[in-house]
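Observations on the three-dimensional arrangement
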Amino acid sequence: MRKEIPYKIYLRENELPKAWLNLRAFMPKKPAPLLDPTTLQPITQAALSRVFCDELAKQELDDTSLYIPIPEAVRDFYKMYRPAPLIRAYCLEKALDTPAEIYYKFEGNNTSGSHKLNSAIAQAYYAKEQGLTGVTTETGAGQWGTALSMACSYFGLDCKVFMVKVSYEQKPFRREVMRTYGANVTPSPSTQTAVGRKILQAFPNTTGSLGCAISEAVETAAGLDGYRYVLGSVLNQVLLHQSVIGLETKTALDQYGVKPDVIIGCAGGGSNLGGLIAPFMAEQLQGKADYRFIAVEPASCPTLTRGKYAYDYCDTGKVCPLSKMYTLGSGFIPSASHAGGLRYHGMTSTLSELYAQGLMEARAVEQTSVFQAAEAFARVEGILPAPESAHAIRVAIDEALECKRTGEKKKIVFGLTGTGYFDMMSYEKFHDGKMSDYIPTDNEIEASLKNLPSLAR
Ligand SMILES: *Cc1c(COP(=O)(O)O)cnc(C)c1O
C-alpha cells in the first residue's frame, strides 16, 4: 500500500472500471416499480422501448444484475477524459485549519464540463448499436445538451435538442458549443411540434419551461423513424452509468488505505450522487462498512428535505413513466435559482428509497452561502466550480469546520461535478450582492403536492 497521499490521485488507464455497478441490485428492499403513464400499471420493457432504446429500456428495469459490463467502445471514449482525478484538498484543509481530510472527485475535465458525459456517451452508443439515426432531448441550462451533442458527434448520430427559450437566448455560448458538435438546437416552445404550437398560441410571449421542452422532444422522437428520446438524470440507467464515478473513487482511496467517514454530493435528479455513492452504499448494504452519505439540495427546491414520498410524473408533460420518489409535484416551478441543474421536482427512485430507509441524510442549503463556499474553494483550490457542485462544497466545508470544533480527523469525500465557466452571470449577481435566497413556503409546497396523481396503490 502506498503511503503519502499526493495532491492528485490519478488511476492508470487499465484501472478504469470494466463494469458499471447496479446499486438497486444490492438493495434487499427495492425501489417501487416504474408505472406506465397510460395504464398506471408497472411498465413493461416493450412499452419503455417505444420511448427509449431497447438496451436502455432493459437496463432501466434491471434490478438483479449486480454489475453490467461497460461496452468496449464506451470505455474507449471514457479513456479520452477518464479516469478522473481524485484530489486531496490540502489547500482547502489548510485554509479552514481543520484536522479533517478532504477529498473531491473532479468530473469537470471534459469540454461539456460535467459528469453528464458519462451517461451521454453510453446512451449514444446503445442508440447507434440499435441502428438508430438520431436522438432527441431537452436541455435547460445546457449541460446535458452539450454532453449529448459531444456523444452523438462521436458516434455519428443526429442530435435534436429542445432548449428552453430563455436559456437559448440568455446562454448563447452553450448553444454554440452544441452547434459546434453538430447538434440541431431549437428554442422551445417551437412551431415544429403540435405541443409547441399549442403553447405558443395560448402564451405567445412564453419564455418556455423544461416540461414543455420535454414534451416537444418526446413528440419529435415519436414522429420520426429511427429516433428515440434520451434523458440526462433521474432514470435508473443514468445512475448506473454514473457509477463509474464512485468505482474510480473507491479504487483510488483503497490504494492509499483511506476509508471515508462522510460522502457528500449535490442532488438534482440524483444521478451524480447515486453514482458516487454506489460502491460505498453497496458495501454498507452488505454490512461491511459504516459510512455517512449526505445529499445536498438547494433550499429553493427542497425535494428530499420537504417533499413527499409518492408516485409522481417525472416530467411536466406527463409522458415519461411515473416513479415513486420524493417529489415537490411535477408542476412545481422553483424560483430562478442559479444552479439550473438542481431545479428538478423529484429525486431518482433509488436514492428516494435509500433516504426513506434512513440510509442517507439530506441537507438543503441557501444560494448565497453556496456561492460563498464556491468562491472560497476557487481561491484556494484553483478550480472554478459549477454552482450545482458548490452545494456539495458548502456541506463539505461545514463538516470540516465541525471537525475543527470537535478535533475529529474525519475523512470527507465529495463530488465536484463540474466547472462554472458558463455560469458567470450567476457569479456576477453574487459579487454585486444581487442574489436572492428564496425559500418556498409550506403553502406553496402543499399546493403543488395537491396535484400529485391519485393512484389506487
Ligand atoms: C446536471 C448537473 C447536476 C445535477 O444532476 P444530478 O443528476 O443530480 O447529478 C450537478 N452538477 C452539474 C455540474 C450538473 O451539470
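Described in the following lines is the structure provided in the data block. (Residues numbered from 1 in each chain as written. Predicted model: local features only at pLDDT ≥ 70, side-chain atom pairs only at ≥ 80, totals over all residues. Heavy atoms only, no water.)

1. Focus on the sheet that holds strand 11 (residues 292-298)
Reading across from one edge, 1-4-5-15-10-11-14 is the order of the seven strands in this open sheet, with mixed pairing throughout. Looking at which strands have only one partner, the edges of the open sheet turn out to be strand 1 (8-9) and strand 14 (361-365). Here strand 1 runs beside strand 4 (residues 86-88); their pairing, made up of two bridges, is antiparallel. For Ile-9, the partnering residue across the bridge sits in strand 4 and is Leu-86. (Pairing = 2+ DSSP bridges. Helix = DSSP H or I, 4+ residues; strand = E, 2+ residues; numbered from the N terminus.)

2. Some thoughts on the nonpolar core
One finds Trp-20 and Tyr-78 to be the most contacted residues of the largest nonpolar core, which totals 76 residues. Formed by 34 residues, the second largest nonpolar core is a distinct cluster that contains Ile-294, Val-370, Ala-390 and Leu-416. (Core = buried A, V, L, I, M, F, W, Y, C linked by side-chain atoms within 4.5 Å. Buried < 20%, exposed > 50% of the residue type's maximum accessible area, 1.4 Å probe, protein only.)

3. Quick notes on the site of the ligand
Every one of the 18 residues lining the ligand counts as a neighbour, but Lys-116, Ser-233, Gly-268, Ser-271 and Thr-417 are closest to it. Within the backbone of Gly-269, one N or O atom sits 3.1 Å away from an oxygen atom of the ligand. One of the backbone N or O atoms of Gly-270 is found 2.8 Å from an oxygen atom in the ligand. Protein chains shield 98% of the accessible area of the ligand, which is 380 Å² for the free molecule. A breakdown of the residues in the shell around the ligand according to their chemical character gives four nonpolar, twelve polar and two charged. (Near = heavy atom within 4 Å. Polar contact = N/O pair within 3.5 Å; in protein donor to acceptor, adjacent residues only side chain to side chain. Areas by Shrake-Rupley, 256 points an atom, 1.4 Å probe, with all protein chains shown as cover. Nonpolar A, V, L, I, M, F, W, Y, C, P; charged D, E, K, R; others polar.)

4. Focus: the packing of helix 7 (residues 143-155) against helix 9 (residues 172-180)
Where helix 7 contacts helix 9, the axes come no closer than 8 Å and their chain directions differ by 15°. Looking at the two axes, helix 7 sits roughly parallel to helix 9. Where helix 7 crosses over helix 9, the two elements pack in a sense that is left-handed. Here helix 7 contributes Gln-143, Gly-145, Thr-146 and Ser-149 to the contact with helix 9, which in turn contributes Arg-174, Val-177 and Met-178. Within the contact of helix 7 with helix 9, the residues separate by chemical class into two nonpolar, four polar and one charged. (Axes fitted to C-alpha atoms, helices over the stretch in contact; angles between N-to-C directions. Parallel < 35°, antiparallel > 145°, perpendicular 65-115°, else oblique. Left-handed = near helix turned anticlockwise from the far one by under 90°. Contact = heavy atoms within 4.5 Å.)

5. Some thoughts on the packing of helix 6 (residues 117-129) against helix 12 (residues 236-255)
Two elements in contact, helix 6 and helix 12, have axes whose closest approach is 8 Å; the angle formed by their N-to-C orientations is 125°. Classified by the interaxial angle, the pair formed by helix 6 and helix 12 is oblique. Crossing handedness for the pair helix 6 and helix 12: right-handed. Across the interface between the two elements, Asn-118, Ser-119, Ala-122, Gln-123 and Tyr-126 of helix 6 pack against Gln-237, Val-238, His-241, Gln-242, Val-244 and Ile-245 of helix 12. Taken together, the residues of the contact of helix 6 with helix 12 sort by class into five nonpolar, six polar and no charged.

6. Notes on the sheet that holds strand 7 (residues 158-164)
Overall, parallel pairing links the four strands, which are arranged 8-7-6-9 in an open sheet. Of all the strands in the sheet, just strand 8 (184-188) and strand 9 (227-229) have a single pairing partner and so form its edges. Taken pair by pair, the neighbouring strands of this sheet meet at an average axis angle of 25°, ignoring direction. Of the pairings in the sheet, the one linking strand 6 (residues 134-139) to strand 7 comprises six bridges and is parallel in character. Paired with Gly-134 across the bridge in strand 7 is Asp-158. Contacting strand 6 and strand 7, helix 7 crosses the sheet at an angle of about 165° to strand 6.

7. Considerations on the side chain of Glu-93
Summarising the element assignment, Glu-93 is placed in helix 5 (residues 90-96). By relative accessible area, which is 7% here, Glu-93 ends up buried. For Glu-93, the contacting residues outside a window of four places in its chain are Arg-88, Thr-98, Ala-100, Glu-101 and Ile-102.

8. Let's talk about the environment of Cys-159
Within the secondary structure layout, Cys-159 lies in strand 7. Given the relative accessible area of 2%, Cys-159 is considered buried. A C-alpha to C-alpha distance of 32 Å links Cys-159 and Ala-32, two positions 127 residues apart in sequence. Each residue touching Cys-159, except ones within four places of it in the same chain, is listed here: Val-135, Leu-148, Ser-149, Cys-152, Ala-183 and Asn-184.

9. Concerning unusual backbone geometry
The omega torsion across Arg-82 and Pro-83 is -10°, close enough to zero to call that bond cis. Here the amide bond leading from Ser-188 into Pro-189 is cis, since omega sits at 5°, within 30 degrees of zero. Here Pro-189 shows up in the loop between strand 8 and helix 10 (194-202). Residues other than glycine seldom take positive phi values, yet Val-234 does so here, at roughly 65°. Counting through the fold element by element, Val-234 comes out in the loop between strand 9 and helix 12. Looking at Val-234, the relative accessible area reads 9%, which means it is buried.

10. Observations concerning the side chain of Asp-62
Looking at the secondary structure, you find Asp-62 in the loop between helix 3 (54-61) and strand 3 (67-69). The side chain of Asp-62 sits in the buried core without any salt bridge; Arg-24 is the nearest counter-charge, 5.8 Å away. Non-local contacts of Asp-62, meaning those with residues more than four positions away in its chain, are made with Asn-22, Arg-24 and Ile-68. (Lys, Arg positive; Asp, Glu negative; His and termini not counted. Salt bridge = Lys/Arg side-chain N within 4 Å of Asp/Glu carboxyl O.)

11. Here we look at helix 18 (residues 424-431)
Within helix 18 the residues assigned to the buried category are Ser-426, Tyr-427 and Phe-430. For helix 18, the buried positions fall inside an angular range of 100° around the axis, keeping them on one side. The elements touched by buried residues of helix 18 are helix 16 (367-381). One or two steps after helix 18, the chain reaches Gly-433, where phi turns positive at roughly 70°. (Arc of directions from axis to C-beta.)

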